[in-house]
Amino acid sequence: MVKEKIFKISVLSLLMVMITHSSFANIWNYVAGDGMSIDHLTINPHDPSVIYAASGENLFRSIDGGLSWEILGEEIQGIITSIKIDPQNTNRVYVATDNVHEGRIYKTSNSGASWTRIPYSGSAIAAFSINPHNTDVLYLVSGGTTDIFYKTSNAGEAWDNISSVSGPSTTAGAVSIS
């Protein structure tokens, strides 16, 4: 028998979602909403009561399964395009943004109490991923008319261009590591 936990998320009373969480699958059902869109939602893989959500330039965190929310990351600039939690150290969270077509990456090592911008200079970030086996290895796709794939082996201190694909409307859209 799979033990399921049901969490009700209400971001600033504008969006309600029900989450059914089990050790085998996540099932999401839209319930209602009236104003604020949630662009990204990430659940801590080791503690499903910790949830990060992004709406445009705003980052929220719940530590009680979505019953209450706090705004995080005054240091974060730009529209949030991705939220990733380090699967080996869940205090470390990355947020990728698009700040007027300039990609930026921010990192916290204390669950969002403070954020630092990590070195990256490129266009908007279309996709971002953490290697679950070695979480110092990160991948990103810099979007635009040309998708450029980058890799770092030192948690974002230096990035290497690992490939480039040119052409009209070449958008990778996602990077996944398993």
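The structure contained in this document is the topic of the report that follows. It should be emphasised that the depicted structure is a prediction, and the values quoted were computed from it without experimental measurement.

**Here we look at the side chain of R61**
Then comes step 1: Here R61 lies in strand β6 (residues 58–62).
Then comes step 2: A polar side-chain atom of R61 sits 2.4 Å from a polar atom in the side chain of E70.
Then comes step 3: With near-sequence residues (within four places) excluded, R61 lies in contact with V50, I51, Y52, S68, W69, E70, L72, S111 and G112.

**A few points about the pattern of salt bridges**
Then comes step 1: Using the criterion set out here, one finds five salt bridges in the structure.
Then comes step 2: Its salt-bridge partner being R104, residue E102 comes within 3.1 Å of it at the nearest N-O pair.
Then comes step 3: Linking R117 and E102 is a salt bridge whose minimum nitrogen-to-oxygen distance equals 3.1 Å. On the criterion of sequence distance, the pair formed by R117 in strand β11 (residues 116–123) and E102 in strand β10 (residues 102–108) is long-range, its members being 15 residues apart.
Then comes step 4: Among the charged side chains, a salt-bridge network with shared partners connects D86, R92 and D136.

**Observations concerning the packing of aromatic side chains**
Then comes step 1: Considering all chains together, one arrives at three aromatic pairs under this definition.
Then comes step 2: Taken together, a centroid distance of 5.7 Å and an interplanar angle of 50° make the contact between Y94 and F128 tilted. Of the two residues, Y94 is situated in strand β9 (residues 93–99) and F128 in strand β12 (residues 125–130); the sequence distance between them amounts to 34 residues. Each member of the pair, Y94 together with F128, is buried.
Then comes step 3: Ring centres of Y120 and W159 lie 6.1 Å apart, and the angle between their planes is 75°; this geometry places the pair in the edge-to-face category. Within this pair, whereas Y120 is found in strand β11, its partner W159 is found in the loop between β14 (146–152) and β15 (160–166), the two being separated by 39 residues in sequence. Each member of the pair, Y120 as well as W159, carries the same accessibility label: buried.
Then comes step 4: Counting every residue linked through ring pairs, the aromatic cluster contains Y120, Y150 and W159.

**A word on the pairing of strand β5 (residues 51–55)**
Then comes step 1: Burial analysis of β5 places five of its five residues in the buried class, which makes it a mostly covered element.
Then comes step 2: Going residue by residue along β5, you find I51, A53 and S55 tucked away on one face and Y52 and A54 tucked away on the opposite face as well.
Then comes step 3: Across four bridges, strand β4 (residues 40–43) lies against β5 in antiparallel orientation. Bridge pairing in β5 places I43 opposite I51.
Then comes step 4: Relative to β6, β5 runs antiparallel, the two being bridged by five bridges. Bridge assignment links A54 to a residue of β6, and that residue is L59.
Then comes step 5: In this structure, the hairpin formed by β5 and β6 is closed by a connection of two residues, where G56 is found at a positive phi of approximately 65°.

**Some remarks on the sheet that holds β9**
Then comes step 1: Pairing is antiparallel in the open sheet, where four strands are placed in the order β8-β9-β10-β11. With partners counted over all chains shown, the strands left at the sheet margins are β8 (79–85) and β11, one partner each. Pairwise comparison of adjacent strand axes, ignoring direction, gives a mean angle of 20° for this sheet.
Then comes step 2: As paired elements, β10 and β11 share five bridges and run antiparallel to each other. Counted as the bridge partner of Y106 is R117 from β11.

The rules behind these values
- Residues numbered from 1 in each chain as written.
- Predicted model: local features only at pLDDT ≥ 70, side-chain atom pairs only at ≥ 80, totals over all residues.
- Heavy atoms only, no water.
- Helix = DSSP H or I, 4+ residues; strand = E, 2+ residues; numbered from the N terminus.
- Polar contact = N/O pair within 3.5 Å; in protein donor to acceptor, adjacent residues only side chain to side chain.
- Contact = heavy atoms within 4.5 Å.
- Salt bridge = Lys/Arg side-chain N within 4 Å of Asp/Glu carboxyl O.
- Phe/Tyr/Trp six-rings, centres within 6.5 Å; stacked < 30°, edge-to-face > 60°.
- Buried < 20%, exposed > 50% of the residue type's maximum accessible area, 1.4 Å probe, protein only.
- Pairing = 2+ DSSP bridges.
- Axes fitted to C-alpha atoms, helices over the stretch in contact; angles between N-to-C directions.

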